[in-house]
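# Descriptive analysis of the structure
The lines below spell out each chain.
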Amino acid sequence: MKKIIITLVLSALIIPTISLAATTTNSVKERMGEIKQQREELKNKIGLEKENIKNERASTTKDIKNKREEIKSEIEQRIGKKLDEKRTKIADRFEKAISNLKELILRVENKIIKIEERNTVATSTKELLATAKSNLVLAENELTILENKLAEPISTSTKKVYLANIKVQSEKTKETIKTAHESIVNVIESLKPGLLKDRVRATSTKTSTSTNNN
C-alpha cells in the first residue's frame, strides 16, 4: 500500500511536467512557424518592391528614349537633316535649357499680366522683357547653327576640324543661353516691389539732377 501511494505521488508529479514540456514544445513550434511565415512575407514584399523598382526604371528609360526620339524628330524637321543618337544627345542638353527658359519667360509674362490688372508695370520692366525675348531668339538661332553643324558629314580627314567647329559653336550657344537666362532674371528682379521703388526713385533723382544742372 505504501508503495502504491508513493507511485501515485510520483505519477502526479511527473505527469504535469510531461504535459508542461509538451505545451512548451508546441509553443516553440508555433512561434517558429510564425517567424517562418513572417520571413516569407518579408521575402515576398522585398521581391515585389524590387519588381516595382525594375518596372519604374524601365518606364523611365522608355520615357527618356521616347523624349529623345521626339526631340530628334523636331530637330530634323527644323534643320531638314538627319542626326544620329550621339549627335542628338549633344543637342538635347541645349534644347532642354532653351525649353526651360521659354517656360520661365512665359511665367514671367503671365505674372506681368496679373500685376497690370491691379497696378502699372514700369516701362523699364517691359523693356527688359523685350530684351529677354530677343536674347532667347538669339540663343535659339545659335542652337540651330550648332545642330546644322552636328548634322554635317564627317570623315577621318575632316574629324579634327569638325570637332573643333562643334566645340566653338557649343560654347557660343552656351553663352547666348546664359545671357538669355540672365536677362530673364533681370525682368524678375525688376518686378520686386522694393527694387522697383528704388529704380523709380533713382530715375527721378537722375532726371531732377539733370534738370537742375541745365
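Residues numbered from 1 in each chain as written. Predicted model: local features only at pLDDT ≥ 70, side-chain atom pairs only at ≥ 80, totals over all residues. Heavy atoms only, no water.

The next thing to look at is helix 3 (residues 123-150). Given 3.6 residues per helical turn, the α-helix brings residues three or four places apart onto the same face. Here helix 3 is 28 residues long and its end C-alpha atoms lie 41 Å apart, about the 40 Å a rise of 1.5 Å per residue gives. Considered for burial, the residues of helix 3 that qualify are T125, L129, A132, N135, L136, A139, E142, L143, L146, E147 and L150. (Helix = DSSP H or I, 4+ residues; strand = E, 2+ residues; numbered from the N terminus. Expected span 1.5 Å × (residues − 1). Buried < 20%, exposed > 50% of the residue type's maximum accessible area, 1.4 Å probe, protein only.)

In this model, helix 2 (residues 85-118) (34 residues) spans 50 Å end to end at C-alpha, consistent with the 50 Å of a helix rising 1.5 Å per residue. Bending of helix 2 peaks at approximately 30 degrees at the position of A91. Two or three places before K86, at the start of helix 2, stands the capping residue D84, its side-chain oxygen 3.3 Å from that residue's backbone nitrogen. (Bend = angle between axes of the 7 residues up to and from the residue. Polar contact = N/O pair within 3.5 Å; in protein donor to acceptor, adjacent residues only side chain to side chain.)

Here the focus is the packing of helix 2 against helix 3. Where helix 2 meets helix 3, the axes come as close as 11 Å, and the angle between the chain directions of the two elements is 165 degrees. With respect to their mutual orientation, helix 2 and helix 3 come out roughly antiparallel. The crossing of helix 2 and helix 3 is left-handed. When its residues are assigned to classes, the contact of helix 2 with helix 3 shows 15 nonpolar, 1 polar and 9 charged. (Axes fitted to C-alpha atoms, helices over the stretch in contact; angles between N-to-C directions. Parallel < 35°, antiparallel > 145°, perpendicular 65-115°, else oblique. Left-handed = near helix turned anticlockwise from the far one by under 90°. Nonpolar A, V, L, I, M, F, W, Y, C, P; charged D, E, K, R; others polar.)

This part takes up the nonpolar core. One finds V108, I112, L150 and I184 to be the most contacted residues of the largest nonpolar core, which totals 28 residues. Looking at this core, the elements with two or more residues in it are helix 1 (2-79), helix 2, helix 3 and helix 4 (159-190). Of the residues forming this core, the biggest block, 9 residues, is contributed by helix 2. Those residues in contact with I184, other than ones at most four positions away along the chain, are L101, L104, I105, V108 and A132. (Core = buried A, V, L, I, M, F, W, Y, C linked by side-chain atoms within 4.5 Å. Contact = heavy atoms within 4.5 Å.)

On their own, these measurements won't tell you what the molecule is for.
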